[in-house]
Amino acid sequence: MATKHEQILEHIESLSVGSKISVRRIAKALNVSEGTAYRAIKEAENQDLVSTMERVGTIRIEKKKKENIEKLTFAEIVNVVDGQVLGGREGLYKTLSKFVIGAMKLEAMMRYTEAGSLLIVGNRTNAHELAVKEGAAVLITGGFDTSETVKKLADEKKLPVISTSYDTFTVATMINRAIYDQLIKKEIVLVDDIYTSYEESKFLQSSDAVARWHEFNTATGHSRYPVVDQQNRVVGIVTSRDVIGKDKETRIEKVMTRNPMTVHAKTSLANAAHVMVWEGIELMPVVDPSHKLQGIISRQDVLKALQHIQRQPQVGETIDDLATNRMEVITEDDSNPVWQTKVTPQMTNPLGTMSYGVFISLITEASSRLLRKYKKGDLVVENISVYFIKPVQIESDIEVRPQILEVGRKFAKVDIEVHHEKSIVGKALLMAQLIDR
């Protein structure tokens, strides 16, 4: 039987998009405590089923597909710009296709304003009214209000009219930043993107006999299977080592390995790879927050996906990308390479010197590039001991000099020196785990 937490999540999922959700209402409808209702609503927010806004409350939103992640809902826009909803609250779940900055004459503005778009404009009530009539939402900058007519029209058409205290330029920058952040997220591969679904997975019931394992093994050639109980919760895993020499009538629960390592669909692929290599696991069950089986992920799937990621063009650049993209080799000695880069404004802290985070990104990237000459694979840092000797000023040219102290099949130890104008500004000792490709 489903737990109260699961029942609430199922209830939230069954609500129509745009429905308002409150802790008190959920608690009353499902006869649960307000604490249980609150925790379930927070979980629904993590699963992108609902969105919570100040002065608006929590509403059921459409779950975005990964390919549409660069599109924002009006609910997300309200959060991004610290906005206040003046009208059209019921349309907050809708997704905007583009935004138009209304810094032109009214007729010209309307040529660009179409259904599904967002008009960003100041205190121009006639523009607000025309935009809503065209099927567009409105974001009013400068903290201005709008007319009662526009608010009424927005409510009728379920198109949000939002007010923000920021100016037009700041708002456009904030929305662009939010879209850019979404693009970076889109590039991060999750277990969700590659795992074998529940319908296609082979798994055993704890009440099955060992004979069932032999049937699966003959049919698929695989030797590892998750074990679930009557509620479909993962309770164990069975491998050939567990069943060897056991009577075929023995129940699976007697031979299985209990409490196996599991992974969630929203876990990053890099994290899953790290766990699987570190623990020497060939297969992991993918579970939901209630520990129910959603599918499986194999080490082979993970390694194939990691290889694919290396060939993918990046859409959004992270701070790590910005810090390491400019690193260039300045020596011809393959065994002792030296990388050079310049400290740009984005790489500095408020004091105008290179930030510690960027320093660590540079030494990690240099070590990774050096190790790739010896082993094909990805590097997962286990430990870094860093010594900052001198601050590095903005616009300085620095040299990163990594040297391998030890490299084995799965681990490596690297010593790194960072130089500026022939003097050492920092040192580090890095220990890493190597993931084969």
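My aim in this report is to walk through the structure given alongside it, one point at a time. Fair warning: this is a prediction, and the values are worked out from it, not measured in the lab.

1. Here we look at the overall build of the chain
Working step 1: Helix and strand counts for the chain stand at 16 helices and 22 strands.
Working step 2: Out of the 437 residues in the chain, the part that is buried amounts to 43%.
Working step 3: Counted over contacts in the chain with a minimum sequence separation of 6, partners at least 24 positions apart contribute 56%.
Working step 4: As presented, the chain carries roughly 23,200 Å² of accessible surface, and 49% of it is formed by carbon and sulfur atoms.
Working step 5: With 58 positive and 58 negative side-chain charges, the chain shows a spacing of 2 Å between the two charge centroids.

2. Some words on the packing of helix H2 (residues 23-30) against helix H3 (residues 34-46)
For any two helices packed against each other, the geometry comes down to the angle between their axes and how far apart the axes lie.
Working step 1: Across the interface, H2 lies against H3 with an axial gap of 8 Å and an inter-helix angle of 115 degrees. The element H2 and its partner H3 pack so that their crossing is right-handed. Every residue of H3 that contacts H2 at Val23, Arg24, Ile26 and Ala27 is listed here: Glu34, Ala37, Tyr38 and Ile41.
Working step 2: A per-class count over the contact of H2 with H3 returns 6 nonpolar, no polar and 2 charged.

3. Brief notes about the packing of aromatic side chains
Working step 1: Enumeration according to the criterion identifies 4 aromatic pairs in this entry.
Working step 2: It is lysine 202 that lies over the ring of phenylalanine 216; its NZ or CZ is 6.0 Å from the centre.

4. A few points about the pairing of strand S20 (residues 397-407)
Working step 1: Inspection of the sheet shows strand S18 (residues 339-342) paired to S20 by 4 bridges, in the antiparallel sense. Residue pairing across strands places glutamine 340 opposite glutamate 399, the latter belonging to S20.
Working step 2: Note: S20 against strand S21 (residues 411-420), 8 bridges, orientation antiparallel. Looking at the pairing, valine 407 lines up with alanine 412 of S21.
Working step 3: Taking the residues that link successive antiparallel strands as the turn, the S20-S21 hairpin has 3 residues.

5. A few points about the sheet that holds strand S16 (residues 293-298)
Across a sheet, strands are paired by hydrogen bonds formed along the backbone, either parallel or antiparallel in direction.
Working step 1: Here we have 4 strands laid out as an open sheet, ordered S9-S16-S15-S14, and mixed in their pairing. Each having just a single partner strand, strand S9 (196-197) and strand S14 (263-264) make up the two edges of the open sheet.
Working step 2: Bridge count for S9 against S16 is 2 bridges, and the pairing is antiparallel. Residue pairing in the sheet places threonine 196 in a bridge with isoleucine 296 of S16.
Working step 3: The strands that helix H13 (residues 269-279) touches are S14, strand S15 (283-287) and S16; relative to S15, the one it contacts most, it runs at about 135 degrees.

Basis of the calculations
Residues numbered from 1 in each chain as written. Predicted model: local features only at pLDDT ≥ 70, side-chain atom pairs only at ≥ 80, totals over all residues. Heavy atoms only, no water. Helix = DSSP H or I, 4+ residues; strand = E, 2+ residues; numbered from the N terminus. Buried < 20%, exposed > 50% of the residue type's maximum accessible area, 1.4 Å probe, protein only. Contact = heavy atoms within 4.5 Å. Areas by Shrake-Rupley, 256 points an atom, 1.4 Å probe, with all protein chains shown as cover. Lys, Arg positive; Asp, Glu negative; His and termini not counted. Charge placed at Lys NZ, Arg CZ, Asp CG, Glu CD. Axes fitted to C-alpha atoms, helices over the stretch in contact; angles between N-to-C directions. Left-handed = near helix turned anticlockwise from the far one by under 90°. Nonpolar A, V, L, I, M, F, W, Y, C, P; charged D, E, K, R; others polar. Phe/Tyr/Trp six-rings, centres within 6.5 Å; stacked < 30°, edge-to-face > 60°. Lys NZ or Arg CZ within 6 Å of the ring centre and 35° of its normal. Pairing = 2+ DSSP bridges.

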